Number of protein chains: 4
Amino acid sequence: MVEVKKITKSILKDVIRKRPADSFKGTYGKIVLIGGSQNFGGAIIMASLAAVYSGAGLVTTVTDPSNQASLHDWLPEAMFVDWNKFDQAEPIIKAADVIVIGPGLGTDNHAFDMLTKVFEIVSKGQKLVIDGSALTLVAANNMKLPTDSLNILTPHQMEWQRVSGIKIADQSPENNQAVAKQLNAIVVVKSHRTQVYANDTIYENTGGTPAQATGGMGDTLAGMVGGFTAQFKDTPKAVLAAVYSHSAIADKLAEKQYVVMPHQISESLPKFMHKNQAE
Amino acid sequence: MVEVKKITKSILKDVIRKRPADSFKGTYGKIVLIGGSQNFGGAIIMASLAAVYSGAGLVTTVTDPSNQASLHDWLPEAMFVDWNKFDQAEPIIKAADVIVIGPGLGTDNHAFDMLTKVFEIVSKGQKLVIDGSALTLVAANNMKLPTDSLNILTPHQMEWQRVSGIKIADQSPENNQAVAKQLNAIVVVKSHRTQVYANDTIYENTGGTPAQATGGMGDTLAGMVGGFTAQFKDTPKAVLAAVYSHSAIADKLAEKQYVVMPHQISESLPKFMHKNQAE
Amino acid sequence: MVEVKKITKSILKDVIRKRPADSFKGTYGKIVLIGGSQNFGGAIIMASLAAVYSGAGLVTTVTDPSNQASLHDWLPEAMFVDWNKFDQAEPIIKAADVIVIGPGLGTDNHAFDMLTKVFEIVSKGQKLVIDGSALTLVAANNMKLPTDSLNILTPHQMEWQRVSGIKIADQSPENNQAVAKQLNAIVVVKSHRTQVYANDTIYENTGGTPAQATGGMGDTLAGMVGGFTAQFKDTPKAVLAAVYSHSAIADKLAEKQYVVMPHQISESLPKFMHKNQAE
Amino acid sequence: MVEVKKITKSILKDVIRKRPADSFKGTYGKIVLIGGSQNFGGAIIMASLAAVYSGAGLVTTVTDPSNQASLHDWLPEAMFVDWNKFDQAEPIIKAADVIVIGPGLGTDNHAFDMLTKVFEIVSKGQKLVIDGSALTLVAANNMKLPTDSLNILTPHQMEWQRVSGIKIADQSPENNQAVAKQLNAIVVVKSHRTQVYANDTIYENTGGTPAQATGGMGDTLAGMVGGFTAQFKDTPKAVLAAVYSHSAIADKLAEKQYVVMPHQISESLPKFMHKNQAE
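Per chain, residues are indexed from 1 in the order of the written sequence. Think of it this way: whatever chain is written first is A, whatever ligand is written first is 1, and the rest follow in order. For a predicted model such as this one, the threshold for reporting local features is a pLDDT of at least 70, and the threshold for listing and counting side-chain atom pairs is 80 or more; totals across whole chains, interfaces and linings nevertheless cover every residue. In computing side-chain values, all of the structure's heavy atoms are included and hydrogens and water are not.

Taking an unreviewed UniProt entry as the reference, chain A is identified by name as ADP-dependent (S)-NAD(P)H-hydrate dehydratase belonging to Lentilactobacillus kefiri. UniProt positions are given in the numbering used here, feature names are shortened, and annotations may be inferred rather than shown by experiment. As stated in UniProt under Cofactor (unreviewed entry), the record for chain A gives "Mg(2+)". Annotation of chain A in UniProt includes, under Subunit (unreviewed entry), the sentence "Homotetramer."

This part takes up the sheet that holds strand β9 (residues 195-198) of chain D. Note: strands within a sheet are paired through backbone hydrogen bonds, in either parallel or antiparallel orientation. Residue and element names in this part refer to chain D. Strand pairing follows a simple DSSP-based rule, namely that at least 2 bridges must link the two strands. Secondary structure counts use DSSP, requiring at least four H or I residues in a row for a helix and at least two E residues in a row for a strand, with both numbered from the N terminus. The strand order β1-β10-β9-β8-β7-β6-β5-β2-β3-β4 describes an open sheet built from 10 strands, whose pairing is mixed. Either end of the sheet is taken by a strand with one partner, and the two such strands are β1 (4-7) and β4 (79-82). Across the sheet, the mean angle from the axis of one strand to that of its neighbour is 20°, orientation sign disregarded. A contact between two residues is defined here by any heavy atoms of the two lying within 4.5 Å. Angles shown run from 0 to 180 degrees and are taken between the N-to-C directions of axes, each axis being a line fitted to C-alpha atoms and, for helices, limited to the stretch in contact. Sitting on the sheet, helix α6 (residues 133-140) touches β5 (98-101), β6 (127-131) and β7 (150-154), and the angle it makes with β6 is about 85°.

This part takes up the pattern of salt bridges. A pair is scored as a salt bridge if a Lys or Arg side-chain nitrogen falls within 4 Å of a carboxyl oxygen belonging to Asp or Glu. Following the criterion strictly, the structure yields 32 salt bridges over all chains and no others. When the shortest N-O distance is used, the salt bridge between B:Glu90 and B:Lys94 registers 3.1 Å. Residue B:Glu90 and its partner B:Lys94 are located together in helix α4 (residues 86-95), separated by four residues, close to a single helical turn. B:Asp200 is the partner of B:Lys181 in a salt bridge, and the nearest nitrogen-oxygen pair spans 3.6 Å. Placement of the pair is B:Lys181 in helix α8 (residues 173-183) and B:Asp200 in the loop between β9 (195-198) and β10 (201-205), with a sequence separation of 19 residues. Several salt bridges converge on common partners, so that one network encompasses A:Glu90, A:Lys94 and A:Lys117.

Residues and elements named next belong to chain A. Under the feature "binding site: (6S)-NADPHX" (unreviewed entry), the UniProt entry names Ala43, Gly104, His156 and Asp219. Turning to its location among the elements, glycine 104 is positioned in the loop between β5 (98-101) and α5 (109-121). For every residue, the accessible area (1.4 Å probe, protein chains only) is compared with the maximum for its type, and the residue is labelled buried under 20%, exposed over 50%, or partly exposed between those bounds. Relative accessible area serves as the criterion here: at 11%, glycine 104 is assigned to the buried category. Filtering out sequence-adjacent residues up to four positions away, glycine 104 remains in contact with Gly35, Gly36, Ser37, Phe40, Ala43 and Ser133. With respect to the secondary-structure elements, histidine 156 resides in the loop between β7 (150-154) and α7 (157-164). Take histidine 156: its relative accessible area is 28%, and that puts it in the partly exposed class.

Further remarks concern the interface of chain D and chain A. Between chain D and chain A, the residue contacts involve 29 residues of the former and 36 residues of the latter. At the boundary of chain D with chain A, total buried surface from both sides reaches about 2,600 Å², with 55% on carbon and sulfur atoms. Scanning the region where chain D abuts chain A turns up zero salt bridges. Under the rule applied, a polar contact is a pair of N or O atoms within 3.5 Å (in protein, one hydrogen donor and one hydrogen acceptor; residues adjacent in sequence only if both atoms are side-chain atoms). Scanning the region where chain D abuts chain A turns up 15 residue pairs in polar contact (both at pLDDT 80 or more). Per element, the largest residue contribution to the side of chain D that touches chain A is five residues, and it comes from helix α2 (residues 41-53) of chain D. Once two parts are joined, some of their accessible surface, as seen by a 1.4 Å probe, is lost; buried area is that loss totalled over both.

Another point: the pairing of strand β3 (residues 58-63) of chain A. Residues and elements named next belong to chain A. The buried count for β3 comes to five of six residues, which makes it a mostly enclosed element. In this sheet, β3 lies alongside strand β2 (residues 30-34) in parallel orientation, the contact comprising five bridges. The partner of lysine 30 across the bridge, within β3, is leucine 58. Handedness of a crossover: with both strands directed away from the viewer, a clockwise path from the first strand across the helix to the second marks it as right-handed. Handedness of the crossover is the feature at issue here: the chain leaves β2, passes through helix α2 (residues 41-53), returns alongside β3, and the resulting connection is right-handed. Looking at chain direction, β3 and strand β4 (residues 79-82) are connected through four bridges and run parallel. Paired with threonine 60 across the two strands is methionine 79, which belongs to β4. The parallel pair β3 and β4 is bridged by helix α3 (residues 68-74), and the resulting crossover is right-handed.

One copy of the chain maps onto the other through a rotation about an axis followed by a shift along the same axis. The copies are overlaid by a least-squares fit using only the C-alpha atoms of residues whose pLDDT is at least 70 in both copies. Rotating chain D by 90° and moving it 0.0 Å along the rotation axis overlays it on chain A with an RMSD of 0.0 Å. Here the transformation between the copies is reduced to the relation of a four-fold axis. Different-surface contact between copies: only 10% of interface residues of chain D are shared with the interface of chain A.

Bringing the packing of aromatic side chains into the picture now. Within 6.5 Å between ring centres, the rings of Phe, Tyr and Trp (the latter by its six-membered ring) count as paired, and their orientation is classed by plane angle as stacked under 30 degrees, edge-to-face over 60, tilted in between. Tallying each qualifying case throughout the model produces eight aromatic pairs over all chains. For the ring pair A:Tyr258 and B:Phe232, a centre distance of 6.5 Å and an interplane angle of 55° mean the geometry is tilted. Here B:Phe232 lies in the loop between α9 (217-231) and α10 (235-254) and A:Tyr258 lies in the loop between α10 (235-254) and α11 (262-275), a pairing that spans two chains. A relative accessible area of 3% means that A:Tyr258 is categorised as buried. You can call B:Phe232 buried: its relative accessible area is 4%. On the basis of an interplanar angle of 70° and a centroid distance of 5.6 Å, the ring pair of D:Phe228 and D:Phe232 is categorised as edge-to-face.

Time to look at α2(A). Residues and elements named next belong to chain A. Take the residue count of a helix, subtract one, and multiply by 1.5 Å to get its expected span. The end-to-end C-alpha distance of α2 is 19 Å, a good match for the 18 Å that 13 residues give at a rise of 1.5 Å each. The buried fraction of α2 amounts to 13 of the 13 residues, a majority that puts the element mostly inside the structure. Just beyond α2, the residue with positive phi is glycine 55, at close to 105°.

A few words now on the UniProt feature "binding site: AMP" (unreviewed entry) in chain A. Residues and elements named next belong to chain A. Those places that UniProt annotates as "binding site: AMP" (unreviewed entry) correspond, in this numbering, to Lys190, Ser191, His192, Arg193, Thr194 and Gly218. On the basis of their most widely separated C-alpha atoms, the annotated residues across 29 residues gather in one place, lying no more than 13.4 Å apart. Its location among the elements puts serine 191 in the loop between β8 (186-189) and β9 (195-198). Judged by relative accessible area, serine 191 falls into the partly exposed class, the value being 31%. The residues contacting threonine 194, other than those within four sequence positions of it, are Val188, Val189, Tyr203, Glu204, Asn205 and Val243. One polar contact links the side chain of threonine 194 to the main-chain carbonyl oxygen of serine 191, over a distance of 3.2 Å.

Residues and elements named next belong to chain C. Orientation of helix α6 (residues 133-140) relative to helix α7 (residues 157-164), taken along the N-to-C sense of each, is 25°, at an axis distance of 8 Å. Relative to α7, α6 is oriented roughly parallel. As for the relative orientation of α6 and α7, their crossing is left-handed in sense. Residues Leu135, Thr136 and Ala139 of α6 pack against Glu159, Arg162 and Val163 of α7. Angles below 35 degrees are treated as roughly parallel, those above 145 as roughly antiparallel, those between 65 and 115 as roughly perpendicular, and all remaining angles as oblique. Left-handed is the label given to a crossing in which the near helix is rotated counterclockwise from the far helix by less than a right angle, and right-handed is the label when the rotation is clockwise.

All names here are of chain D. For helix α5 (residues 109-121), with 13 residues, the first-to-last C-alpha span of 18 Å sits near the 18 Å given by 1.5 Å per residue. When we look at burial in α5, the residues that qualify are Ala111, Met114, Leu115, Val118, Phe119 and Ile121. Contacts made by the buried residues of α5 are with β2 (30-34), α4 (86-94), β5, β6 and α6. Backbone nitrogen of histidine 110 and a side-chain oxygen of the N-cap are separated by 3.2 Å at the start of α5; the cap is aspartate 108.

A word on the side chain of C:Ser37. All names here are of chain C. Tracing the chain through its elements places serine 37 in the loop between β2 (30-34) and α2 (41-53). Judged by its relative accessible area of 11%, serine 37 is buried. When near neighbours in sequence (up to four residues on either side) are disregarded, serine 37 contacts Asp64, Asn67, Trp83, Gly104 and Leu105.

Looking now at the sheet that holds β2(A). Residue and element names in this part refer to chain A. In space, the 10 strands of this open sheet follow the order β1-β10-β9-β8-β7-β6-β5-β2-β3-β4, with mixed pairing throughout. The open sheet terminates on both sides in strands that have one partner only, identified here as β1 (4-7) and β4. For this sheet the average axis-to-axis angle between neighbouring strands, irrespective of direction, equals 20°. Each of β5, β6 (127-131) and β7 is contacted by helix α6 (residues 133-140), which is oriented at about 85° to β6, the strand it contacts most. Along the sheet face, helix α8 (residues 173-183) touches β1, β7, β8, β9 and β10 (201-205) and points at about 40° away from the line of β9.

Residue and element names in this part refer to chain D. Burial analysis of β6 places five of its five residues in the buried class, the great majority of the element. Residues Lys127, Val129 and Asp131 of β6 are buried on one face, and the alternating residues Leu128 and Ile130, pointing to the opposite face, are buried as well. Pairing analysis gives four bridges linking β5 to β6, with the strands arranged parallel. When the bridges of β6 are listed, valine 98 appears paired with lysine 127.

All names here are of chain B. With respect to the helices and strands, isoleucine 265 occurs in helix α11 (residues 262-275). Residue isoleucine 265 is classed as buried on the basis of its relative accessible area, which comes to 0%. Sequence separation between isoleucine 265 and aspartate 234 is 31 residues, and the spatial gap between their C-alpha atoms is 23 Å. Sequence-distant contacts of isoleucine 265, defined by excluding residues within four places in its chain, comprise Gln212, Met217, Thr220, Met224, His246, Ile249, Ala250, Leu253 and Val260.

Rendered as structure tokens:
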């Protein structure tokens with residue numbers, strides 16, 4: 001039987017470095033987030049909020065123009081690109097350290113075209129977080145993941161079923177690991193106890209609360225994975241720290257709340273990360 | 001003389017269950033809220049806010065496109081559908097556990113058409129909350145309530161007069177109950193001491209404050225009724241708990257405020273429900 | 001020499017009545033606020049915020065359509081009317097208890113036309129608060145104030161110079177009172193120590209701080225005058241209470257702030273009014 | 001070797017005067033901020049927020065119309081001008097005490113045209129803060145700075161390289177001072193320890209934290225420089241006080257936060273300035 005390592009608080013000090021005094025915003029990475037159709041604009045806003053509040057240096061959000069105002073209402077710190085002007089997005093994507101695609105992306109032709117384009121233009125050294133409807137598109141169209149980028153998939157169990165072909169009931173660590181290896185990707189299978197498949201190791205989160213069972217939680221995690229991997233060099237560990245932080249903040253809030261709003265998790269990040277950074 | 005039962009704090013622990021550890025957003029219901037013309041966009045925003053903050057799993061708001069940005073400013077957690085694209089709304093309505101129609105809906109032809117359509121497509125097992133201008137439309141057009149859905153009406157006294165034909169002065173428990181039975185609906189008659197007619201029982205709320213006498217309070221209650229009935233199985237009890245919670249939060253805020261803002265009630269829900277959940 | 005009465009804290013308990021238990025939103029008045037061009041949208045938002053947070057029952061804001069989203073971001077509680085659809089505004093204006101016109105209205109032809117129209121349709125029993133650019137329009141076009149409504153003018157000293165013809169240096173209580181009587185209006189001359197001319201009496205405010213010297217303070221006061229006169233029967237006293245509350249809240253905030261934001265005053269109203277209501 | 005003076009806390013009480021009781025919004029200056037393309041709207045919002053919260057009397061923001069709603073969501077206190085209607089902006093610019101141009105301006109033809117126009121119309125007695133992409137445009141087009149206005153440049157090190165021709169590695173106090181003198185401008189070179197070149201003196205800031213290394217920090221500083229120079233007579237000292245306040249607030253927030261959001265600095269200004277004003 002395969003070993004499953006617990007993700008515990010110790011991952012935080014291991015990953016969240018003390019910021020060097022002589023640093024600037026470029027030090028903390030450039031992220032592009034792509035998603036948010038007219039119907040699902042909130043998803044990309046929540047993901048972007050998580051990226052910025054986790055400390056990413058420069059964040060650009062590529063989304064439907066109907067989301068421009070609400071993006072800036074939450075986040076004047078993010079830059080905006082109209083996703084119908086992909087020529088504007090392309091150089092920014094190419095220059096990014098991390099690309100997050102999927103939150104609220106939808107599954108129409110325009111979404112598929114953008115995803116295809118992104119898969120074509122990502123290159124070595126870039127990290128690509130594939131979330132939400134982007135995973136549905138990958139499964140539905142049998143898309144091959146790009147081979148140059150370091151790919152991180154963040155499906156919930158049903159999305160993982162679609163991508164991996166493993167039914168939820170059969171999603172054992174062994175089965176999941178086999179497909180994750182085949183995909184050559186870091187895979188975060190979100191559930192009550194989220195699991196992370198990274199290289200040859202399987203990890204299981206020790207936090208999480210049913211108060212998180214609300215729309216937008218996954219978008220927030222995708223943005224945090226983006227923000228953490230942009231800043232912290234060891235990508236698998238950065239993913240683990242993002243997963244752990246997401247649930248630890250929720251657990252804390254759930255001590256007093258019946259339901260936790262996803263944006264509250266993002267807004268809690270600056271203090272949480274300060275408290276749990278390396279000494 | 002008919003018996004009128006008091007709605008007291010005990011309803012809360014009876015209804016608000018402790019969330020099971022192994023649950024996900026689907027566990028807490030899918031709600032669709034329909035309303036918010038260009039003139040009354042705030043109403044559907046406040047109702048949606050109440051639905052999300054009471055813990056509903058997945059919330060979609062069907063409204064005028066001019067309300068998209070402000071919906072997401074308050075609530076990135078909600079999904080948006082342009083109410084002029086009813087073909088997009090239809091499958092979501094059909095798949096919903098609860099439909100709330102009316103807050104800020106208005107009474108023009110487009111509103112009437114949507115209400116008619118919703119009445120046609122709701123089906124067994126669905127709960128339908130009819131509020132605000134939807135009630136005015138029902139009365140003005142002698143619309144028959146759908147027979148498959150479980151219907152919940154949330155009129156204030158003047159709207160109830162329109163729907164029931166009972167003048168405000170004559171709205172005694174007996175008279176109200178008779179019409180509620182005829183309508184085969186749960187009826188929430190909002191006033192200084194809100195009454196609930198459910199099956200053969202009449203309930204009267206014990207909370208409420210004149211600090212609530214401000215525009216938007218009813219929209220907030222409609223959203224809460226949606227959120228509670230989506231999560232908690234016993235529908236009449238869920239309605240009672242929503243009514244009680246709405247006034248209890250307001251009473252608490254009114255200890256320090258001359259007027260209570262409706263959005264404050266919604267934002268207070270996560271802590272209030274945590275404190276008052278079943279052990 | 002004319003007597004100038006001080007406006008002191010005692011006005012508050014005299015005006016801010018304890019709300020009767022059996023009341024509803026209609027009890028607390030209907031206000032319409034008209035203003036907010038594309039350039040000055042913030043002004044009507046701040047005025048509307050003040051009206052709602054002071055406890056007015058039902059608030060409608062008639063403004064440029066480009067302000068719809070930001071109005072609802074601040075205030076889902078307010079209803080919206082596109083000021084280019086004056087036919088929609090007209091019945092609401094006619095049914096209002098209080099009309100506030102001027103904050104951010106601008107002085108172009110469209111603004112002049114609306115002001116003219118409002119002057120024509122107001123009627124006995126209505127209160128009309130004339131502020132900001134509406135006063136400039138009145139002065140520039142020698143407009144006669146409506147004779148049916150109870151008119152309340154809220155100029156700063158330069159606007160008062162325009163309306164009254166009295167140069168700022170000559171704005172003595174005697175001179176001001178003479179014109180106020182001629183106009184048959186309540187006049188609030190805003191300055192470091194705001195003065196109120198009501199019937200045959202002259203009042204001077206005892207509060208106020210230079211931390212209030214920032215754009216939007218006057219718009220907020222206009223909205224408060226609207227909110228207070230909609231709720232409290234004695235109009236001159238309601239104006240005095242609004243003026244005093246505005247400065248007393250600012251004075252309190254200025255104990256810790258170099259500058260006070262106008263929206264902070266509005267947001268402080270519910271607690272301030274609770275603390276200072278009649279017993 | 002040139003002397004470099006430390007910027008310390010003592011600059012605050014030297015600059016931030018106690019507000020005279022008998023003052024009004026005109027006393028605290030008129031600022032116009034120009035910037036914010038469709039892509040970078042957040043930048044001009046953050047700069048405007050800083051200007052208003054530092055106490056400027058009247059603030060107008062000239063920006064892309066797609067930013068109108070989000071500007072007012074953050075700041076109903078600011079007035080708005082569509083930057084495509086430059087004829088509307090021109091008289092406001094001419095009447096301003098301070099013009100801030102650059103945050104999120106972009107570098108396209110429209111941006112270049114506006115910058116050119118502003119350089120032509122500024123006049124004696126006006127202060128002109130040149131920031132962000134405006135500096136890039138100056139460098140790329142070899143634009144001559146206007147000679148009538150008092151110019152303040154706020155480049156980060158790369159922008160300073162573009163404007164001055166001095167490579168980052170060679171940006172010694174001596175080299176920088178030589179170019180600052182040639183330009184006849186106050187120059188703020190932003191870095192880990194920001195330096196200010198004013199007249200014949202070189203200053204270095206003593207505060208600042210890597211928690212500030214995030215997008216929008218520079219925009220916020222530009223807005224503060226605008227707000228401080230609009231209110232406080234001694235322009236070089238006002239710039240020093242803005243630079244010091246910006247980092248001191250960030251240092252305080254960073255005691256508990258891993259990353260500091262730029263808008264938090266602005267929102268902290270009223271209390272910070274109150275605590276540190278002249279007695």
